[in-house]
There are 2 protein chains.
Amino acid sequence: MNFHYPNGRRYVPAAKSTKTIKAEKKWSYSNRGMTLEEDINETNEFYLEHGIASIHKKPTPVQIVQVDYPKRSAAVIKEAYFKQASTTDYNGVYKGKYIDFEAKETQNTTSFPLKNFHEHQVKHVEKVLAQKGICFVILRFSATEEVYFLEAHYLLSYWKRMKDGGRKSITKAEIESHGHHIPLGFQPRIDYIKIIDYLYNLN
Amino acid sequence: MNFHYPNGRRYVPAAKSTKTIKAEKKWSYSNRGMTLEEDINETNEFYLEHGIASIHKKPTPVQIVQVDYPKRSAAVIKEAYFKQASTTDYNGVYKGKYIDFEAKETQNTTSFPLKNFHEHQVKHVEKVLAQKGICFVILRFSATEEVYFLEAHYLLSYWKRMKDGGRKSITKAEIESHGHHIPLGFQPRIDYIKIIDYLYNLN
């Protein structure tokens, strides 16, 4: 049995360690083996290290039920459950402004299913917009590796369309027309701050 | 054996359930049985419900090692460890501005020990200030139930004093002179937004 002590990094099984992924990256700009979450975490690290923005992924919410305190070693959580997040996954600060977003990917090629979002998150988005925060979603079509930035008020209108009995997804054409394509880069991988600069003209 | 299914609320042992705490509150404005964290969570809920601000506590960061997927029931985390937070605990948006803070309490009566903060959190505070976020700490002296709002740049200067070989705490006199006393209220319990309004003149 292997023990995995906390080291401040997400546990990655040995078969596909962080090192392997980094090595792959030297060979190709393509997204092989990188999830959207990994790409965005790398992007946020880049922003943080270069003093561009301070934006973080929130920890996965967990309901802790039982904790053991073995002698001479760290507390071990022995029983816990995943909880539904009540907010979006990412938030932080850029030039004094509050930044808040969710990132989701789909295998679909012609539309983005709204089931990727939860009612709670949509309510959160509404609250953030009411407080004049900068709020958006980053959507990825995995098959083509296309990434889009879509302002949150569009998400709310498509969500409303669904609630009113309309389609349960956003068509790709709608995303292309209202969203902003983010070209994949090397460093940072997904330069969404550029879109924020363009849209909100921050100084 | 009791099962505690996730319901979006922190697990509270039966001996001191949320209901008991709420019942107590009807009898007294005092802070009996309420931790600083509970007070701040209630305050944030009040702000959220009344459309005043959208500020949340981040989930406790946990390193998940082993998860079981029993048939017909929710995934169970069987082995996990607490990780040190790389940011402060609370953040959100108020009038478009990024709000970021940490809340800590001490049993001491004459000073606030700096060991309540971690190097990581201090680094985070520096990054937030560099991005012009509104950043502060809420400090409570448990014995007297006094709560203070201290702007983050003061924390940084006391931290530097410690690093330079000086005292390992902030004296109560320093907190009284540079901080802002937050009187305990009923709803909200700890009205820190009032101090933000006073200090930053947001409109």
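Residues numbered from 1 in each chain as written. Chains lettered and ligands numbered in written order. Predicted model: local features only at pLDDT ≥ 70, side-chain atom pairs only at ≥ 80, totals over all residues. Heavy atoms only, no water.

Novice: Provide a residue-level description of the interface of chain B and chain A, including the pertinent values.
Specialist: The interface of chain B with chain A comprises 49 residues on the first partner and 50 residues on the second. Across the chain B/chain A interface, buried area totals approximately 4,200 Å², and carbon plus sulfur atoms make up 62% of it. Here chain B is connected to chain A by zero salt bridges. Our count for the chain B to chain A interface comes out at 15 residue pairs in polar contact (both at pLDDT 80 or more). Contributing elements (two or more residues each) for the side of chain B that touches chain A: helix H2 (36–49), strand S1 (54–57), strand S2 (62–68), strand S3 (76–82), strand S4 (90–94), strand S5 (97–106) and helix H3 (119–130) of chain B. In terms of residue count, S3(B) provides more of the side of chain B that touches chain A than any other element does, seven residues in total. Alignment of strand S3 (residues 76–82) of chain A against S3(B), held across four bridges, turns out to be antiparallel. For Ile77(A), the partnering residue across the bridge sits in S3(B) and is Ala80(B). (Contact = heavy atoms within 4.5 Å. Buried area = accessible area lost by both parts, 1.4 Å probe. Salt bridge = Lys/Arg side-chain N within 4 Å of Asp/Glu carboxyl O. Polar contact = N/O pair within 3.5 Å; in protein donor to acceptor, adjacent residues only side chain to side chain. Helix = DSSP H or I, 4+ residues; strand = E, 2+ residues; numbered from the N terminus. Pairing = 2+ DSSP bridges.)

Novice: Tell me what's going on with the relation of the copies chain B and chain A, and back it up with residues and numbers.
Specialist: When chain B is fitted to chain A, the best match, at an RMSD of 0.0 Å, comes from turning it 180 degrees and sliding it 0.0 Å along the axis. Each copy turns onto its partner about a two-fold axis. Looking at the interface residues of chain B, 100% of them are also at the interface in chain A, so both copies use one shared face. (Least-squares fit on C-alpha atoms with pLDDT ≥ 70 in both.)

Novice: Before we move on, can you summarise the packing of aromatic side chains with the specific residues and values?
Specialist: Residue and element names in this part refer to chain B. Summed over all chains, the structure comprises 20 aromatic pairs over all chains. Ring geometry for phenylalanine 112 versus phenylalanine 117: centroids 6.5 Å apart, planes at 40 degrees, classification tilted. Neither phenylalanine 112 nor phenylalanine 117 differs from the other in exposure class; each is buried. Residues phenylalanine 112 and phenylalanine 141 carry aromatic rings whose centres are separated by 5.9 Å and whose planes lie at 85 degrees to one another, so their mutual orientation is edge-to-face. Here phenylalanine 112, found in strand S6 (residues 111–113), pairs with phenylalanine 141, found in strand S7 (residues 134–141); they are 29 residues apart in sequence, far enough to count as distant. (Phe/Tyr/Trp six-rings, centres within 6.5 Å; stacked < 30°, edge-to-face > 60°. Buried < 20%, exposed > 50% of the residue type's maximum accessible area, 1.4 Å probe, protein only.)

Novice: Now, about the UniProt feature "binding site: Mg(2+)" (unreviewed entry) in chain A: what can you tell me, with residues and values included?
Specialist: Here, the residues flagged by UniProt with the feature "binding site: Mg(2+)" (unreviewed entry) are Thr87(A), Asp89(A), Glu102(A) and Gln121(A). For the residues just named, distributed over 35 residues, the greatest C-alpha separation is only 9.2 Å, placing them together at one site. Judged by relative accessible area, Thr87(A) falls into the buried class, the value being 5%. With near-sequence residues (within four places) excluded, Thr87(A) lies in contact with Lys58(A), Glu102(A), Gln121(A), His124(A) and His56(B). At 3.1 Å, the side chain of Thr87(A) forms a polar contact with the side chain of Lys58(A). Here Asp89(A) shows up in the loop between S3 and strand S4 (90–94). For Asp89(A), the residues in contact, after removing those within four places along its chain, are His56(A), Lys57(A), Lys58(A), Phe101(A) and Glu102(A). (UniProt positions renumbered as here; feature names shortened; annotations may be inferred.)

Novice: Run through helix H6 (residues 192–200) of chain B, naming residues and quoting values.
Specialist: Residues and elements named next belong to chain B. Burial in H6 covers these residues: Tyr192, Ile193, Ile195 and Ile196. All buried residues of H6 fall inside an arc of 155 degrees around its axis, so they share one side. Those residues of H6 that are exposed and aimed more than 90 degrees away from the buried face are Lys194 and Tyr198. Backbone geometry just downstream of H6 places asparagine 201 in the positive-phi region, at approximately 50 degrees. (Arc of directions from axis to C-beta.)

Novice: How would you sum up the sheet that holds S3(A)? Please name residues and give values.
Specialist: Taken in spatial order, the four strands make up an open sheet running S2(A)-S3(A)-S3(B)-S2(B), and their pairing is antiparallel. Two strands in the sheet have a free side with no partner beyond their single neighbour: strand S2 (62–68) of chain A together with S2 of chain B. Taking the axes of each pair of neighbouring strands and ignoring which way they run, one obtains an average angle of 30 degrees across the sheet. (Axes fitted to C-alpha atoms, helices over the stretch in contact; angles between N-to-C directions.)

Novice: Give a description of the nonpolar core that names residues and reports values.
Specialist: Counting 44 residues, the largest nonpolar core has Leu114(A), Phe117(A), Leu114(B) and Phe117(B) as the members making the most contacts within it. Elements supplying a minimum of two residues to this core: helix H3 (119–130), strand S7 (134–141), strand S8 (146–151) and helix H4 (152–163) of chain A together with H3, S7, strand S8 (146–151) and helix H4 (152–163) of chain B. (Core = buried A, V, L, I, M, F, W, Y, C linked by side-chain atoms within 4.5 Å.)

Novice: Outline the pattern of salt bridges, listing residues and values.
Specialist: Applying the stated criterion across every chain, the model contains 26 salt bridges over all chains. Notably, a salt bridge pairs Glu146(A) with Lys172(A), separated by 2.6 Å at the nearest N-O pair. In this pair, Glu146(A) sits in strand S8 while Lys172(A) sits in helix H5 (residues 172–178), placing the two residues 26 residues apart along the sequence. The class for Glu146(A) is buried, based on a relative accessible area of 18%. We note a salt bridge from Lys95(B) to Asp197(B), for which the minimum N-O separation is 3.7 Å. Residue Lys95(B) is located in the loop between S4 and S5, and its partner Asp197(B) is located in helix H6; the two are separated by 102 residues in the primary sequence.

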